[in-house]
Amino acid sequence: MHRARAATMVPMTTTAAPATTPVVGFDQVSKSYGNVRAVDGLTLDLHPGETVALLGPNGAGKSTTLDLLLGLKHPDTGAVRVFGAGPREAIVGGRVGAMLQSGGLMDEVTVGELVKLACDLHPKPYKVSDVLARAGISQIADRKVNKLSGGQEQRVRFALATAGANDLIVLDEPTTGMDVSARQAFWATMREQADQGRTVLFATHYLEEADAIADRVLVLHRGRLLADGTAAEIKAKAGARRIAFDLEGPIDEAPLRALPFLTSIDVSGHTVRIQSSDADATVHALYGLGLYPRNLEVAGLGLEQAFVAITAAEEAKSQ
Ligand SMILES: Nc1ncnc2c1ncn2[C@@H]1O[C@H](COP(=O)(O)OP(=O)(O)OP(=O)(O)O)[C@@H](O)[C@H]1O
């Protein structure tokens, strides 16, 4: 999503909702731009204390989903609820912190002034010095916002989204441009927030972050929810497993390519790497070829490979 944003921080408050009310509820939500259906019949609930990663290829509808949730866009059909109210009603107070992708930072103020403003506006603010320290920007508090590097700007957005205690934190590709230490500090803060019962929803292209951080993963594709579960469940849903082994002598690829249930193969030197939708059957057939595979390893897919497998299978269905 590369569109400019009106604001990088969206403070909201609502009256307390009953404990059973989901933090966020999407009920059959659809949103189109002309003939592009960005969000297509999306139904899901988010609950207190969940850390949820929203994954999907470019154009899958992640940013539109977050915009709908924040009331920055309105559904064509269906309903979006935030703490039991419509997003527009929810926007009037301060239970939601949002870190969006671009735009909205005031240029002519210093980092410290901007963070102080965010704290002043928040109904449950943290101390400005703590917010600056947590985002790793105390040293640049006197610098004008328009003199920052991309990664520093992103740290400032992080500070704005964590200027006060929010019950829901919405993050659109939050760590893009951050260096390793900024990422680590960022996710440590988000973990603390989740441990305190807050709900964190983040869209990302960094699947290793989703794997490490999220206790629930949503996979969007063409505006529809393809998968919803823990990272382990998503990996299992992809079905395929990785098989790797070494062979001595020149490798004849033809019989390997004919192995049953093989979905991909890569031969590099003496090492063969295979993906199979039935690893047991593939390994059995491998021995049936009279080969002697050494250093044989069979493992599940990583989240990234599972994501690629799930979305590629969906693409194939729609062709
Ligand atoms: N303002 C707009 N006008 C027209 N089409 C739009 C607009 N905003 C988004 N779209 C289209 O809607 C679809 C979903 O876009 P969206 O930005 O929600 O996807 P995304 O998953 O966030 O993508 P990315 O990973 O590339 O940021 C895309 O096909 C996009 O081109």
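Residues numbered from 1 in each chain as written. Predicted model: local features only at pLDDT ≥ 70, side-chain atom pairs only at ≥ 80, totals over all residues.

A. Structural context of the overall build of the protein. When helices and strands are tallied, the protein shows eleven helices and 13 strands. Partitioning the intrachain contacts of the protein with sequence separation of at least 6 by distance along the chain shows that 72% fall at a separation of at least 24. (Helix = DSSP H or I, 4+ residues; strand = E, 2+ residues; numbered from the N terminus. Contact = placed C-beta atoms within 7 Å.)

B. Region of interest: the site of the ligand. Neighbouring the ligand are twelve residues, the closest being Tyr33, Asn58, Lys62, Ser63 and Thr64. Listed by contribution, the elements that provide at least two residues to the shell around the ligand are β2 (36–46) and α1 (62–69). By residue number, the principal contributor to the shell around the ligand is α1, which donates three residues. Split into classes, the residues belonging to the shell around the ligand amount to five nonpolar, six polar and one charged. (Near = placed C-beta within 6 Å. Nonpolar A, V, L, I, M, F, W, Y, C, P; charged D, E, K, R; others polar.)

C. View of the environment of Gly61. By the secondary structure assignment, Gly61 is in the loop between β3 (51–55) and α1. On the neighbour-count criterion, Gly61 (26 C-beta atoms within 10 Å) is buried. For the pair formed by Gly61 and Arg224, sequence separation is 163 residues and the distance between their alpha carbons is 8.2 Å. What Gly61 contacts, discounting residues up to four positions off in sequence, is Ala38, Val39, Gly56, Leu220 and Gly223. (Buried ≥ 20, exposed ≤ 12 C-beta atoms within 10 Å, placed from the backbone.)

D. Region of the structure containing the pairing of strand β13 (residues 294–300). In terms of burial, β13 is largely open, as just zero of its seven residues are buried. Pairing between strand β10 (residues 241–246) and β13: five bridges, direction antiparallel. Following the sheet pairing, Ala244 is matched in β13 by Glu297. (Pairing = 2+ DSSP bridges.)

E. The arrangement of the sheet that holds strand β6 (residues 168–172) in detail. What the six strands build is an open sheet, ordered β5-β6-β7-β3-β8-β9; its pairing is mixed. Strand pairing shows two members of the sheet lacking a second neighbour, β5 (96–99) and β9 (224–229), which therefore form its edges. Along the sheet, successive strands turn relative to each other by an average axial angle of 15 degrees, direction set aside. Note that β5 and β6 share four bridges and pair parallel. In the strand pairing of β6, Val96 is matched with Leu168. Sitting on the sheet, α1 is in contact with β3, β6, β7 (199–203) and β8 (216–221), with an inclination near 150 degrees to β6. (Axes fitted to C-alpha atoms, helices over the stretch in contact; angles between N-to-C directions.)

F. Inspection of the domain arrangement of the protein at higher detail. Segmenting the protein into domains produces domain 1 (24–235) and domain 2 (240–300). The centre of domain 1, based on its C-alpha atoms, is set 42 Å off from the matching centre of domain 2. (Domains from an automatic or database assignment.)

G. Expanded view of helix α10 (residues 279–288). Within the span of α10, buried status applies to Thr282, Val283 and Leu286. Seen end-on, α10 carries its buried residues on one side only, within an arc spanning 95 degrees. Within α10, the exposed residues directed more than 90 degrees away from the buried face are Asp280, His284, Tyr287 and Gly288. Each element contacted by the buried residues of α10 is listed here: β10, β11 (262–268), β12 (271–276) and β13. (Arc of directions from axis to C-beta.)

H. Examining the nonpolar core more closely. Membership of the largest hydrophobic core comes to 73 residues, with the highest contact counts inside it found for Ala53, Leu55, Val115, Ala159 and Val170. Setting aside anything within four residues of it in sequence, one finds Val115 in contact with Val128, Val131, Leu132, Ala159, Leu160 and Ala163. Formed by seven residues, the second largest nonpolar core is a distinct cluster that contains Ile243, Val272, Ile274 and Val283. (Core = buried A, V, L, I, M, F, W, Y, C linked by C-beta atoms within 7 Å.)

I. Up close: the pairing of β3. With five of five residues buried, β3 lies mostly within the body of the structure. Taking every second residue as pointing to the same face, both faces of β3 are buried, with Thr51, Ala53 and Leu55 on one and Val52 and Leu54 on the other. Strand direction decides the pairing type here: β3 and β8, joined by four bridges, are parallel. Looking at β8, one finds that Leu55 is bridged to Val219.

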